[in-house]
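# What the coordinates show
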Amino acid sequence: MSERTSERVSARASARIRVVLADDQTVVRAGFRALLDLTDDLAVVGEAADGLAAVELTRTTRPDVVLMDVRMPRVDGLEATRRIVADRALDAVRVLVLTTFETDAYVFEALRAGAAGFLLKDIEPDDLRTAIRTVAAGQSLLAPGVTRRVIEEFARLKAPEAQALRLLDPLTDREREVLALVGRGLSNDEIGARLLMSPLTAKTHVSRSMTKLGARDRAQLVVLAYETGLVRAGEP
């Protein structure tokens with residue numbers, strides 16, 4: 001291999017999105033690995049069969065994205081996500097939770113813990129690849145049609161507490177409007193159209209809200225919108 005060819009190969013390898021697979025089912029991990037290994041810009045750098053191993057592997061490999069199952073032995077995916085997000089050395093790592101809505105009631109807590117989003121395990125291959133690229137780029141991803149159902153289910157369990165309501169005090173009226181629309185699942189383009197502002201202005205309001213509320217990403221803004229009562233279950 002020539003020096004120039006070697007440099008090109010090295011550049012391609014460094015540009016690949018590095019992924020850790022965390023799932024206690026060997027066949028599931030094998031399926032995801034086979035799928036991702038066929039994708040030029042994605043690379044599986046390790047596998048873990050339980051949450052504790054997932055945290056340790058994440059600390060040693062420093063991947064871009066962790067595909068995290070919820071139900072695992074020793075430490076579940078929820079606690080593993082919390083530990084990864086809490087580790088300042090892993091700030092660049094994004095956790096994408098894989099779940100089935102019918103059985104995994106922990107998804108809401110995973111979002112609160114800092115997961116970048118979640119997907120159903122029966123996701124189409126192209127959608128999975130896109131999801132990994134999306135969260136690796138620093139964006140949150142919430143599965144359409146599932147996010148609202150999960151969050152509304154938990155939102156029904158208790159009314160917002162006074163302490164939660166006070167979280168919104170730093171926001172301007174406009175930022176509250178934008179946050180409410182984020183909570184309803186609208187994109188920056190859709191928020192801009194609804195509030196007669198440019199998508200860039202909407203993005204600025206979202207970013208400022210994240211900073212003021214200490215939210216890691218858009219997914220946590222959605223959770224906060226429901227927890228504080230800014231968006232309520234069943235509202236159009």
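About the thresholds
Residues numbered from 1 in each chain as written. Predicted model: local features only at pLDDT ≥ 70, side-chain atom pairs only at ≥ 80, totals over all residues. Heavy atoms only, no water. Helix = DSSP H or I, 4+ residues; strand = E, 2+ residues; numbered from the N terminus. Buried < 20%, exposed > 50% of the residue type's maximum accessible area, 1.4 Å probe, protein only. Contact = heavy atoms within 4.5 Å. Areas by Shrake-Rupley, 256 points an atom, 1.4 Å probe, with all protein chains shown as cover. Arc of directions from axis to C-beta. Polar contact = N/O pair within 3.5 Å; in protein donor to acceptor, adjacent residues only side chain to side chain.

Moving on: the overall build of the protein chain. Counting its secondary structure elements, the protein chain contains 12 helices and six strands. Put simply, the protein chain has 236 residues, and 47% of those count as buried. A sequence separation of at least 24 residues applies to 67% of the contacts in the protein chain between residues at least 6 apart. Carbon and sulfur atoms make up 51% of the accessible area of the protein chain, which totals about 12000 Å².

We now examine the environment of Ala-180. With respect to the secondary-structure elements, Ala-180 resides in helix H9 (residues 173–183). Its relative accessible area of 10% is what places Ala-180 among the buried residues. The spatial distance from the C-alpha of Ala-180 to the C-alpha of Leu-224 is 9.5 Å, given a sequence separation of 44 residues. Excluding residues that lie within four positions of it along the chain, Ala-180 makes contacts with Leu-230 and Val-231.

This next bit is on helix H3 (residues 51–61). Buried within H3 we find Gly-51, Ala-54, Val-55, Leu-57, Thr-58 and Thr-61. Mapping the buried residues of H3 onto a view down its axis gives an arc of 170°, with all of them on the same face. The inward-facing, buried residues of H3 contact strand E1 (17–22), strand E2 (42–48), strand E3 (65–69) and helix H4 (77–86). Looking at where H3 begins, the residue whose side-chain oxygen comes 3.0 Å from the main-chain nitrogen of Leu-52 is Asp-50. Positive phi shows up at Arg-62, right after H3, with a value of about 50°.

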